[in-house]
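Remarks on the overall topology
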Amino acid sequence: MRVQVDRSRCQGHARCWAEAPDLYLLDDDGYSAVDDVEVPPGLEDAARRGAAACPERAIAIVEAAVP
Amino acid sequence: MSTAPVHVDPTLVRAFDYHTDPEFVADPFAGFDAARGDRVFFSLAHGGYWVLTRADDIRAAFQHPELFSSHDFSIPTNVFPRTMRPLALDPPEHGKYRQPLAPLFSPPSVARREPELREICGGLVDAFAADGRCELLEALARPFPTTVFVAMLGLPLSEARTFEQSNHVMLHAYDDPPARKAAGAQILAYLDDLVTRREALGPDGTDGTDDILSVLLRARVDGRRLDHDELLDYAFMLFIAGLDTVTAMLSFTFQCLAERPDLQRRLVEEPDLVPQAVEELLRSHAIVNTARVVTEDVTFAGVEMVAGDKVLLATALASRDEEEFLAATDIVLDRDANRHLAFGAGPHRCIGSHLARLEVRIAIEELLRRIPSFRLAPGESIVAHGGGVLGIDRLPIEWDV
């Protein structure tokens, strides 16, 4: 599972970071510092909550393909 | 405006006034809910303006400053004694002036202030907890954000009282325009003097400290330092944007809790729920009604808008939209995916949002810790006000000692 953050839409609400601070890292100004990351095992739910909480709808979840 | 402009379909004109209509002002959130129905309508009040009612449209307007400019962001057009920088700027100019403030208000910077904020708030609540009753605005909702602002400017906390009184008169003494003007001038003179004193300390302000003016004195815009006028613009803008809004949010928060003992009980029993509850209170009581000006003729939300039209962006309409939120008019303390627009969206997203949510969280925690159950004082009436920032004028509450 991956998360993709459209950083051009990020406005620093940091609601993703509030849900999953170890996944959705912020830069010094409080905006997303990540654009496309693999979700570590165990953080899947937090990743989904973070994406769903984005007021700008800037985060997409890409589920791993079923082998 | 007595008749609609020719490009406005007369069937879209509604009698709607969120500033002074007594029925609206008595319960502004119910007033916005009642105005929903059509996707967009037009009000003739205060010079005339479109009202977008759907979260999707309001979000899109916030996200498209090239179509919806901030150069006039209030209804009616506000006349401030300073340039509201960066609120009244559009990209790319806006970003240049917003950036120096960003690190000061980022979530980690704000989190570092938590012990100081908790001490300020705790001290205020301690002062009235044994009384069994208080008027919450005077006792907490006004002095708390004012004292935080004074602390962030690096001033002695005793200065808070001066700001609090001037601010209240400037923003709310509608019946006394000369007093409002005098209060605005007094604040401006104070801030002007403060900026001058900081500049006299040298180009790096009070070297190394992280109070707002020191950070701004070290900042660069287009490779140059900010001048005196720009520094004063920032100070005045933060004063306007950061005090009355938090006062209003705290007022609605504690009114809501006072009327709902079930919510108080749940927060006392499940303190870990407070951060989520803050988001839900922000969503259900979104207080800011900002506006934009249409930059070119455009079809938006299914209607023809022409350049120069004013558009109301009511954060409560966006945040209480049933198409966006299940049971949108209910308060669900543990609501998931709470992507409310209480702080707006797009490049002008409230820069103080992380500080504001921390102030609301601390106020709930510190009050409930000392006063686990409280109620509205019987026989008192709550008076709300409409306009650009919805609020309450008085909130008398009582509790068993």
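Keep in mind that this is a model prediction, so the values were computed, not measured. (Residues numbered from 1 in each chain as written. Chains lettered and ligands numbered in written order. Predicted model: local features only at pLDDT ≥ 70, side-chain atom pairs only at ≥ 80, totals over all residues.)

Some thoughts on the overall build of chain B
Assigned secondary structure in chain B consists of 17 helices and 15 strands. Here the C-alpha atoms of chain B give a radius of gyration of 21 Å, agreeing with the 21 Å that 2.2 N^0.38 yields for 401 residues. A total of 401 residues make up chain B; the buried ones form 44% of that total. Excluding contacts between residues fewer than 6 apart, the proportion of contacts in chain B whose partners are at least 24 apart in sequence is 70%. (Helix = DSSP H or I, 4+ residues; strand = E, 2+ residues; numbered from the N terminus. Rg over C-alpha atoms; globule rule 2.2 N^0.38 Å. Buried ≥ 20, exposed ≤ 12 C-beta atoms within 10 Å, placed from the backbone. Contact = placed C-beta atoms within 7 Å.)

Overview of the interface of chain A and chain B
Between chain A and chain B, the contact holds 16 residues from the first and 17 residues from the second. Taken together, the elements giving at least two residues each to the side of chain A that touches chain B come down to α1 (15–19) and α2 (44–52) of chain A. For the side of chain A that touches chain B, a count of residues per class yields 7 nonpolar, 4 polar and 5 charged. (Nonpolar A, V, L, I, M, F, W, Y, C, P; charged D, E, K, R; others polar.)

Let's talk about the sheet that holds strand β5 (residues 133–135) of chain B
Residues and elements named next belong to chain B. The sheet built from 3 strands is open, its strands ordered β5-β15-β12 with antiparallel pairing. The sheet terminates laterally at β5 and β12 (375–376), the two strands that pair on one side only. Alignment of β5 against strand β15 (residues 396–398), held across 3 bridges, turns out to be antiparallel. For arginine 133, the partnering residue across the bridge sits in β15 and is glutamate 398. (Pairing = 2+ DSSP bridges.)

What about the confidence of the model for chain B?
Chain-level statistics for chain B give a pLDDT mean of 94 and a share of 98% at 70 or above. Scoring of the predicted complex yields 0.96 for pTM and 0.95 for ipTM. (pLDDT = per-residue confidence, 0-100.)

Points about the sheet that holds strand β11 (residues 310–314) of chain B
All names here are of chain B. If you walk across this open sheet you meet the 6 strands as β1-β2-β3-β11-β8-β4, and the pairing is mixed. Edge strands, defined here as strands with exactly one partner in the open sheet, are β1 (13–14) and β4 (68–69). In the sheet, β4 pairs with strand β8 (residues 289–294) via 2 bridges, with the strands oriented antiparallel. Each residue of the ladder has a partner; that of phenylalanine 68, found in β8, is valine 294. Running over the sheet, helix α3 (residues 55–63) touches β3 (49–52), β4, β8 and β11 and is turned about 115° from β11. (Axes fitted to C-alpha atoms, helices over the stretch in contact; angles between N-to-C directions.)

Some points on helix α10 (residues 177–200) of chain B
All names here are of chain B. Counted at 1.5 Å a residue, the expected span for α10 with its 24 residues is 34 Å, and the 35 Å between its end C-alpha atoms agrees. Here the buried face of α10 lies against α9 (160–172), α11 (212–218) and α12 (228–242). Once α10 finishes, glycine 202 follows within two positions and takes phi at roughly 110°, a positive value. (Expected span 1.5 Å × (residues − 1).)

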